[in-house]
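# Coordinate analysis (summary)
Given next are the chains, with one letter for each unit.
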Amino acid sequence: MLVTNADSYYKGTASKKILDPVLGKELFINDGDSWKRQRRLMQPAFHSKRIETYAQTMVNYALDLANVWQDNQLG
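In this text, all values refer to a predicted model and were calculated from it rather than measured experimentally. (Residues numbered from 1 in each chain as written. Predicted model: local features only at pLDDT ≥ 70, side-chain atom pairs only at ≥ 80, totals over all residues. Heavy atoms only, no water.)

Moving on, we come to the overall build of the chain. A count of helices and strands for the chain gives three helices and zero strands. N-terminal to C-terminal, the α/β element order of the chain is α-α-α. Relative to a compact globule of 75 residues, whose C-alpha radius of gyration would be 11 Å, the chain shows 19 Å and is clearly more extended. By its C-alpha atoms, the chain is 55 × 30 × 20 Å across when sized along the principal axes. Across the 75 residues of the chain, 8% fall into the buried class. Taking the contacts inside the chain whose residues are at least 6 apart along the sequence as the reference set, 20% of them involve residues at least 24 apart. Total accessible area computed for the chain in this model is approximately 6500 Å², and 60% of it derives from carbon and sulfur atoms. (Helix = DSSP H or I, 4+ residues; strand = E, 2+ residues; numbered from the N terminus. Rg over C-alpha atoms; globule rule 2.2 N^0.38 Å. Buried < 20%, exposed > 50% of the residue type's maximum accessible area, 1.4 Å probe, protein only. Contact = heavy atoms within 4.5 Å. Areas by Shrake-Rupley, 256 points an atom, 1.4 Å probe, with all protein chains shown as cover.)

Next comes the structure, spelled out in structure tokens:
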């Protein structure tokens, strides 16, 4: 959707007014050519090989959190 049809999707004016002072012109609220440039810069972070490493990190954090929850329930 955002790869082949990105020009059809624009962020709302209200969202931009609220978020722009906090976030600036970043990927989440940006549009047009500026968004395309930012997206290209971010794209390597979402390559399948990178996602694999993120997935393992997320699993590790989830397991750590589950252990903390279990420890708290026993105490």
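This is not the end of the story, as more comes after the structure.
Here we take up a nonpolar patch on the surface. Among the surface-exposed residues, Met42, Phe46, Ile51, Tyr54 and Met58 lie close enough to one another that they form a single nonpolar patch of about 510 Å² accessible area. Residue contributions to the nonpolar patch peak at three residues, all from helix H3 (residues 48-74). With respect to the helices and strands, isoleucine 51 occurs in helix H3. (Patch = residues over 30% accessible without salt bridge, like charges linked within 9 Å, V, L, I, M, F, W, Y side chains within 5 Å. Salt bridge = Lys/Arg side-chain N within 4 Å of Asp/Glu carboxyl O.)

Let us now look at helix H1 (residues 13-23). With zero of 11 residues buried, H1 lies mostly on the surface of the structure. After H1 finishes, the residue glycine 24 shows a positive phi value of roughly 75 degrees.

Turning next to the environment of asparagine 30. Looking at the element boundaries, asparagine 30 is found in the loop between H1 and helix H2 (32-42). By relative accessible area, which is 8% here, asparagine 30 ends up buried. For the pair asparagine 30 and isoleucine 18, spaced 12 residues apart in sequence, the C-alpha separation works out to 13 Å. Dropping the residues within four chain positions of it, asparagine 30 is found in contact with Lys11, Lys25, Trp35 and Gln38. A distance of 2.7 Å separates the side chain of asparagine 30 from the side chain of serine 34, its partner in a polar contact. A polar contact of 3.0 Å, which involves the side chain of asparagine 30, links it to the side chain of glutamine 38. (Polar contact = N/O pair within 3.5 Å; in protein donor to acceptor, adjacent residues only side chain to side chain.)

The next point concerns the side chain of aspartate 31. Structurally, aspartate 31 can be placed in the loop between H1 and H2. When its relative accessible area of 13% is taken as the criterion, aspartate 31 is described as buried. Apart from the residues within four sequence positions on either side, aspartate 31 is in contact with Tyr9, Tyr10, Lys11 and Lys16.

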